[in-house]
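Commentary on secondary and tertiary structure
Listed below, chain by chain, are the residues.
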Amino acid sequence: MKVLVSVKRVADSNVRVQVKPDGSGVVTDGVKMSMNPFDEIAMEEAVRLKEKGAVTEIVAVTVGGDKSQETLRTALAFGADRAVHVKEDGDIQPLAAAQALAAVFKKEDAKLFLLGKQAIDDDANQTGQMVAGLLDLPQATFASKIEIDGDKAKVTREVDAGLETLEVDLPAIITADLRLNEPRYLKLPDIIKAKKKPLEAVSFADLGVTPGAGLKVVKIASPPTRNQGEMLVMGARESGIAAPPPIRRTAEMFKTVDELIAKLKEKSLV
Amino acid sequence: MPVERDVMEYDVIVVGAGPAGLSAAIRLKQLAGKVGKELGVCVVEKGSEVGAHILSGAVFDPHALNELIPDWKNKGAPLLSPVTRDEIYFFLSADKAVKVPNLLVPKTMHNEGNYVISLGKLVRWLGEQAEALGVEIYPGFAAQDYIFEDGAVRGIVTGDMGVARDGHHKDGYAPGMELRAKYTLFAEGCRGHLGKRLIAQFKLDADSDPQHYAIGLKELWEIPTDEHQPGLVVHGAGWPLDNTSPGGSFLYHLENNQVAVGLIVDLSYSNPYLQPFGEFQRFKHHPVIRRYLEGGKRIAYGARAMTKGGLNSLPKMVFPGGALIGCDAGTLVYSKIKGNHTAMKSGMLAAEAAAERLLAGGEGADKLTTYPERYKASWAHDELYRSRNFGSAMHKFGMWLGAAFVYIDQNGFGGKLPFTLHDRKPDFKTLKLAAESKKLDYPKPDGKLSFDLLSSVFMSSTNHAEDQPVHLLLKDPAIPIRENLPNYDEPAQRYCPAGVYEVVYEDGKPRFQINAQNCVHCKTCDIKDPAQNITWVAPEGGGGPNYSAM
């Protein structure tokens, strides 16, 4: 069974993103970029399925500029067998990405499409769903467990009420949630091997896709800064529980409820 | 049980993708290419990507880059802001300063022909140049140890990934690899943790003064266009530091309305109550500095120790199988407060020495004796020679007389006075007892120009995988509370620019706490701890700050 995994190059989750002064977007110049963490989880799942024998070939795909090939190399180091780069330098809207991914899925004639549930840059959470719509295939989103059984996949999803288990016929689209797995550490030899694995570049035109657009970014702004709060802690020392360091350093400590209430009254909070 | 490790072999392994390491790697490939041969060159870097752990002022002297990549302009090197003006101030107090007339400025502080840059950006660009030449660069892999066999260094071992805090192997544990090489070049920067061990093992510092250090704290600001003067370089001495704790300050105007502002505090300071971070925050309120920052926005924070001992403190740079290059050896020219160009040059010279042997069929593991010879004959050594009295003059005579001496030495004699001042007291021995020292009060940050420590560390985008062994080792865990606390009020609480060390009181009893996940890899604790009890080792690869353009 062939599985397609899409990976997106995004600003690393540890980086503090800065909004450009003109509000047209965020600064990515000099910023560390990484594979979208949810896509890493999708990638890891594909590798685990292959290790279990449920999958025979893993193809990684991305849509983006030249630098997104680095993200494909990471996918290849994870264990993808080959990679497809849909090259597009401009702004890529979720619909355009979904169209390209759907076209690659069709072309590859894959049985399963794994994606992260959303990318951490725009948090749109719609690419997987739109791919399913475009291909008219079953979808199972927010997967926290995936079991392949012949022509079917059993997918557990975390929903508000608890765990929901779906069964979908393959081919299907499955998007990965945080608790599906914990991605492995990449090993140096695998990173080296990844450099030699096949990577094919195609364009929207090659895929016969006219990228859809419909969204216009009006403005990007930082969230308003909040006034610094004040911490009032009661009984931390007496209870023997040490408050975490930031609290300990800044908080005002109270021994009794009365003292605490007096302070809150003083601040007209009660 | 010995761990089974994968092994890979190269001609040369470089530890650290900074200016020295990448220049060495590029030079090796260039020299091999010239004669149509192949050299396998691998660079390991503990940061999550090339540049993630790079922090420098920086005013950049392009001397070494001109030699390494003469057509750097065409290749798009990020040297975008030529220095347009130098200003030097003596800060007299919190609101007074005198501008030093150009005539009285030591020659080494003139910056015509230099550039205001982000070293982080330059290093990323150097990384691309190196990869284009076929250098293999592996960020996220820390050199944890070196391989020492039959009297020579034969490569390094990368750190294990996936070890829990208590030492057990987590799911996905991946043992580190042995990377073996004919020569290993150590370019870890100031106070590299392997460099420190190599210096001790091979007694490389037997004939030199102790190394001296400073801690540099830096912030990047985006300021209003009206106040932005691309290429303006402002240096300062004096307040908030004083005669007993010298140092200096800088404010550099980069491109895109950005300004780098920083304070450098000599780690020879004597008052254990001194907090470099607090001094830096206070410094930004001085009218000379404030006028640029007001109305602006801080976008990054970081800190890094730097070597400043210069020629007198420079250890031997070679040992069987390898060499120290750049600030791992200590090639920074403190009178110019510049080390990037000399670090690059030392890397290039070590590469030339290694390439000469390897391309002649050498098997490695010997001493690259022609590297120190080449270095001694180079302009990089000459610069260091001329400024050899700078740091020790400041330590010996204090800031004012020291500055006068430096002026005469540099402008009157071109740094060639026929004697050398030595400073043989290591920085960890300079602290006075807390009981004999004045407590220092630091003003509350205003949240506009000055900030608290934790929100600052947050601006360095520092991250370490949470469940891993603490990478700050105490030789004797009792010393902080038993000795450092009564004697010096445990200065680690204050010299650390990232809030790693705390003394917390539980039931009235003090306990020493290490918040290792905050560590910005500056190495100050390893240098300044009066008991020399703290050893900095590399945490899991990829951990530490994620500087974008520092």
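Source: prediction; values computed, not measured. (Residues numbered from 1 in each chain as written. Chains lettered and ligands numbered in written order. Predicted model: local features only at pLDDT ≥ 70, side-chain atom pairs only at ≥ 80, totals over all residues.)

Below, the discussion takes up the overall build of chain B. Counting its regular elements, chain B contains 15 helices and 24 strands. Against the 2.2 N^0.38 benchmark of 24 Å for 550 residues, chain B shows a C-alpha radius of gyration of 22 Å, consistent with a compact globule. With respect to the principal axes defined by its C-alpha atoms, chain B has extents near 65 × 60 × 45 Å. Scored against the burial criterion, the 550 residues of chain B give a buried share of 57%. Long-range contacts, defined here as pairs at least 24 residues apart, represent 78% of the contacts in chain B between residues at least 6 apart. (Helix = DSSP H or I, 4+ residues; strand = E, 2+ residues; numbered from the N terminus. Rg over C-alpha atoms; globule rule 2.2 N^0.38 Å. Buried ≥ 20, exposed ≤ 12 C-beta atoms within 10 Å, placed from the backbone. Contact = placed C-beta atoms within 7 Å.)

Taken together, the 30 residues of chain B in the interface contact 21 residues of chain A. Contributions of two or more residues to the side of chain B that touches chain A are made by helix 3 (119-132), strand 11 (161-163), strand 12 (169-174) and strand 22 (501-506) of chain B. Residues belonging to the side of chain B that touches chain A are distributed by class as follows: 11 nonpolar, 11 polar and 8 charged. (Nonpolar A, V, L, I, M, F, W, Y, C, P; charged D, E, K, R; others polar.)

Okay, the sheet that holds strand 8 (residues 152-159) of chain A next. All names here are of chain A. The mixed open sheet is built from 9 strands, whose spatial order is 9-8-7-10-6-1-4-5-11. Where the open sheet ends on each side, the last strands, each with one partner, are strand 9 (162-169) and strand 11 (199-203). In this sheet, adjacent strand axes meet at a mean angle of 30 degrees when their direction is disregarded. As defined by bridge partners, strand 5 (residues 82-87) adjoins strand 11 across 5 bridges and the pair is classed as parallel. Within the sheet, the bridge partner assigned to Ala 83 lies in strand 11 and is Leu 199. Sheet contacts for helix 2 (residues 68-78): strand 1 (2-6), strand 4 (57-64), strand 5 and strand 11; angle to strand 4, the most-contacted strand, approximately 165 degrees. Taken strand by strand, helix 4 (residues 127-135) contacts strand 6 (112-116), strand 7 (139-149) and strand 10 (172-176), and its axis lies near 70 degrees from that of strand 7. (Pairing = 2+ DSSP bridges. Axes fitted to C-alpha atoms, helices over the stretch in contact; angles between N-to-C directions.)

This part takes up the sheet that holds strand 7 (residues 115-116) of chain B. All names here are of chain B. Spatially, 3 strands are ordered 3-7-4 in an open sheet, and the strand pairing comes out antiparallel. Of all the strands in the sheet, just strand 3 (59-60) and strand 4 (81-82) have a single pairing partner and so form its edges. Two strands pair when backbone bridges link them, and strand 3 and strand 7 are joined in this way by 2 bridges, in the antiparallel orientation. Residue Val 59 lies in a different strand from strand 7, and its bridge partner there is Val 116.

Split into domains, chain A comes out as domain 1 (2-203) and domain 2 (232-266). Each of domain 1 of chain A and domain 2 of chain A has a C-alpha centre, and the two are 46 Å apart. (Domains from an automatic or database assignment.)

A word on the packing of helix 8 (residues 340-359) of chain B against helix 10 (residues 379-386) of chain B. All names here are of chain B. At a minimum axis separation of 9 Å, helix 8 and helix 10 run at an interaxial angle of 135 degrees. Judged by the angle between their axes, helix 8 and helix 10 are oblique. Helix 8 and helix 10 meet at a crossing whose hand is left-handed. Taken together, the residues of helix 10 that come into contact with helix 8 (itself represented by Thr 342, Lys 345 and Ser 346) are Ala 380, Glu 383 and Leu 384. Looking at the contact of helix 8 with helix 10 residue by residue, the class counts come to 2 nonpolar, 2 polar and 2 charged. (Parallel < 35°, antiparallel > 145°, perpendicular 65-115°, else oblique. Left-handed = near helix turned anticlockwise from the far one by under 90°.)

Ranked by internal contacts, the top residues of the largest apolar core, which has 156 residues, are Ala24(B) and Ala350(B). Sorting elements by how many residues they give to this core places helix 8 of chain B first, with 10 residues. By size, the runner-up hydrophobic cluster in this structure holds 58 residues, among which are Ile41(A), Val61(A), Leu72(A) and Phe78(A). (Core = buried A, V, L, I, M, F, W, Y, C linked by C-beta atoms within 7 Å.)

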